[in-house]
Amino acid sequence: MIWQICFALSIIALVLTAVAAVLLRRNGPEQKITSIIVFGIAVSAVIIVFPANFAQINDSYLRTLLLSLLNAFRMFVLDDDFSLMLEQTAAIEGAFRTCYNWLAALIYIAAPVTTFGVVLSIFRKYAVYRTYLFHFFSPVYIFSELNSKSIALASDLKKHEPRALIVFTNVDDDEKESEKVKAKAKEIKGLLFKDSITKIKFSRHYSKSPITFFVMSEIEDDRNISDTSKLIERYRKRENTRLYFFDDTVNGKLLTENADCGKMIIQRVNEPQRVVSSLLYDRGTEIFDSAVEITDTGEKKITAVIVGTDKTAEEMFRALPWMCQMTGYRLEIHVFSSDERADEHLTALCPELLDETHNGYFADDDEANYKIEIHPYVMPEYAGFEKTFSAIGGVSFVFVSRGSDEENVSDAVTVRMLSERYGYHPRIWVVTGEKVAAEKVAKGMLCNHRKQGYDISFVGDIESAYSRDAVLFSELEKVALARHMKWGAEEEFWRIEYCYRSSIASAIHKKYKLYCGVPGAEKEPCDRNEKERQLLRRLEHKRWNAYMRSEGYVYNETRNDLAKAHNCLKPFSELPEKEQMKDDD
C-alpha cells in the first residue's frame, strides 16, 4: 500500500509544481519560478524513494525520511544510483512496477537537469555583471524593458555614441515573440539582465560617468510609476544621473512634480503630447500653407478635421486652437469620434474652450477666434460620415489617430477618396507605428492601381519618435527651455507639467509668427514700434487664452491653479495695462 500512496503523492507534487510554475510565469519573477520547480522536484524525489528506503530500514519513519532527503540531494548532484531503486521495486508485481520505475526515472533525470539549468543561469547572470563592471568608466543607458520602442532608442544612441554601454533589464529568455528585438539588442552589444531595473545596483558605476535611466514599460503604467519611485529613492544622491519616465497618467504627473529627486534630473515623457508638439514644430508650416483663402476678407481659413479621440488625437484637438491663433487666419475644427459621448468628454476636459461664449467667436481681435464642432459616433466606416464631411466644405488639414495602424490607414484612404470626390485636397497626417509605410510615401510608392498618389503623410513612427534627437536632444525643448529660463528655473521646466507645456506652446507659436510674417515678430520687444507692440501683445494674449482654455482653465476673479481658474482669461482690452505688458513676446 505504501508504494501506491507514494506514487500518487509524487504525481500530485509534480502536477502542483507545474500549475504553480505556469501561474507564476504570467506575472511572477523568474527566481520564484525556479525555486518552485526545484522545491517541487525535491519533494517528489523524497516521496518516490521513501518506500524503497523504508523496505530497507523497516524500523523508523524518521530515519527513512532523513535517508530519503539524502537520496533526493544526491539526485540533484548526479550522485545517486538508480539501480538500487530498481532492486527495491522488484518486489512490486504487475504493470504498477513499470509505472513506478518510469516515474522514478523521470525524477532522477529531472533533478540533475534542473541543477544544470540553475548553475548555467547563475554563470550567465554573473557573466553579464562582469561585462557591466568592465565598462566602469563608460556612459550607461539603462532601459526598464526590452521592447520595440526601447530598442529603437537604444540603437540610435549606440550609433551616435559607440563607447556607450546599453543595458536592458527585465528580459525574459522564454519570450519567443521578442526574438527579433533580442537579436537587435545583441547587434548593438546590449547587456540583457533578467532582473528588474530596480534590483540591480548600478550605483557601483564610476561616479563621474553619466547614467541615464529610461522607464518605459509598454504594458503596465503602475510598474512604470513603481520603478520610477524606487529609482529616485535609490539614486537621488548621485550626480550625473538622469531619468526619463514615459508616462501620460495623472499618477505619473503627481510623482514627478512632488518626489524629492535630490541631485537627479527627472523628466516625464508624455508620449502623445510629445508626438503632437514635435509634429507641429517640425511640420506645422503645412497647416498654414494648406489654408484656403477667403475671397471677401482676404484672410485664410484653416479647416481642420481630426478623426479619432485616442490620446494623440486629443492632444492635437487641444493644440490647434492656440497654434492657429495667427494674424490673417481663421480656424475651424471638426472632431469625428467613435465615442457616442465624445462631446461630453471633450467639454469636461476643456469647458471654456467649447462653451457658447468662446466657441465660434469671431467678433474682434480681443479674444481667441475659432470654431469647434464635435461629431460623436460618426466615423469614416459609418454611412453618415460622407454627408457630414461634405457639408464642412474646403477641408485643408486632416489628422487621423485611432490607435490602430490598420484603422488609421483605412480612414485616411477613405478621407482622401471623399476629398477628391468633393474637390478638396487637404494635407493628411496619419499616425502609424511602422516606418515602412513612411518610407514608401517618401519614394512616391503609395498609390492606387492607376498610379494616383494618395498624398498621405505617415507620422509618429517608432524610429522617428524614439530617436536620440527626439528624446534626449529635442530642438523644440531647447528653444522652450530658453523661453522658460526668462522667468523660471530649469528644474521646474523638466519636472512641472504646467511650466513644460506652456513653454513648449509658446515656442511653437513664436516659430509660426515668424513664418507667417507677423509684423514685428522678428524684433525684440524693445525694438518694436507702438503699432507692432500692440499687435503682438494682442495676438499673444489670444494665443494664451486659447492655450489656457485647452488646458482646462476657466475665468475667475482670483487665480486658483488648483481649481484651474485664472483672472486674466478675458479679452485683451479688459486687462490692466500692467498685465497687457506681460504679453510682450
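Since this is a predicted model, take the numbers as computed values, not measurements. Per-chain numbering applies: the sequence of each chain, read as written, is numbered from 1 onward. Local features in a predicted model are, by the rule used here, given only for residues with pLDDT of at least 70; side-chain atom pairs are given and counted only at 80 or more, and totals for whole chains, interfaces and linings are based on all residues. Processing note: side-chain calculations cover all non-hydrogen atoms of the structure and skip hydrogens and water entirely.

Observations concerning the packing of helix α10 (residues 271-283) against helix α12 (residues 311-323)
So, step 1. Where α10 meets α12, the closest approach of the two axes is 8 Å, and the angle between their N-to-C directions is 40 degrees. Put simply, α10 runs oblique to α12. Handedness of the α10/α12 crossing: right-handed. For the pair formed by α10 and α12, the contact residues are Pro272, Gln273, Val275, Val276 and Leu280 on the first element and Lys311, Thr312, Glu315, Met316, Ala319 and Met323 on the second.
So, step 2. By the convention adopted, Pro, Cys, Tyr, Trp, Phe, Met, Ile, Leu, Val and Ala count as nonpolar, Lys, Arg, Asp and Glu as charged, and the other residues, Gly among them, as polar. Its residues assigned to classes, the contact of α10 with α12 shows 7 nonpolar, 2 polar and 2 charged. Helix axes use the C-alpha atoms of the stretch in contact, all axes being lines fitted to C-alpha atoms, and the angles between their N-to-C directions lie in the range 0 to 180 degrees. Helix and strand assignments come from DSSP, with helices taken as H or I runs of at least 4 residues and strands as E runs of at least 2, each series counted from the N terminus. Note that the term roughly parallel is reserved for angles under 35 degrees, roughly antiparallel for angles over 145, roughly perpendicular for angles of 65 to 115, and oblique for everything else. A clockwise turn of the near helix away from the far one marks a right-handed crossing, whereas an anticlockwise turn of less than a right angle marks a left-handed crossing. Here, two residues are considered to be in contact whenever any of their heavy atoms come within 4.5 Å of each other.

With respect to the packing of aromatic side chains
So, step 1. Whether two aromatic rings pair depends on their centres lying within 6.5 Å, for rings of Phe, Tyr and Trp, where Trp uses its six-membered ring; planes under 30 degrees apart make the pair stacked, over 60 edge-to-face, and the rest tilted. Inspection of the entire model under this criterion finds 24 aromatic pairs.
So, step 2. Centroid distance Phe193 to Phe202: 6.3 Å. Interplanar angle 85 degrees. Geometry classified as edge-to-face.
So, step 3. The exposure class assigned to Phe193 is buried, which follows from its relative accessible area of 2%.
So, step 4. Exposure classes here rest on a 1.4 Å probe applied to the protein chains alone. A residue is buried below 20% of its type maximum, exposed above 50%, and partly exposed in between. The exposure class of Phe202 is buried, given its relative accessible area of 0%.
So, step 5. Relative to Trp494, the ring of Phe493 has its centre 4.8 Å away and its plane inclined at 75 degrees; by these criteria the two rings are edge-to-face. Pair check on accessibility: Phe493 and Trp494 agree, each one buried.
So, step 6. Put simply, the rings of Tyr141, Phe143, Phe168, Phe214 and Tyr244 pair up and form one aromatic cluster.
So, step 7. Each ring is checked for a lysine NZ or an arginine CZ that lies within 6 Å of its centre and within 35 degrees of its normal; such an atom marks a charge sitting over the ring. Over the ring of Trp494 we find Arg242, and its NZ or CZ is 4.8 Å from the ring centre.

Details of the sheet that holds strand β4 (residues 211-215)
So, step 1. Note: two strands are recorded as paired if DSSP finds a minimum of 2 bridges between them. Judged by pairing direction, the sheet is parallel, and its 6 strands sit side by side in the order β3-β2-β1-β4-β5-β6 without closing on themselves. What marks the edges here is a single partner per strand, and that holds for β3 (191-192) and β6 (265-269).
So, step 2. In the sheet, strand β5 (residues 241-246) pairs with β6 via 5 bridges, with the strands oriented parallel. What sits directly across from Tyr244, in β6, is Gln267.
So, step 3. Its contacts with the sheet place helix α6 (residues 148-160) against β1 (140-143), β2 (165-168) and β4, and it is angled at close to 170 degrees to β2.

A closer look at a nonpolar patch on the surface
So, step 1. Each patch is assembled from residues with relative accessible area greater than 30% and no salt bridge, linking like charges that lie within 9 Å and nonpolar side chains (Val, Leu, Ile, Met, Phe, Trp, Tyr) that lie within 5 Å. Note on areas: Shrake-Rupley with a 1.4 Å probe; residue coverage comes only from the protein chains shown. Between Lys or Arg on one side and Asp or Glu on the other, a salt bridge is scored when a side-chain nitrogen of the former is within 4 Å of a carboxyl oxygen of the latter. Residues Met1, Ile5, Leu9, Ile12 and Leu16 make up a contiguous nonpolar surface patch of about 540 Å² in total accessible area.
So, step 2. Secondary-structure assignment places Ile5 in helix α1 (residues 2-27).

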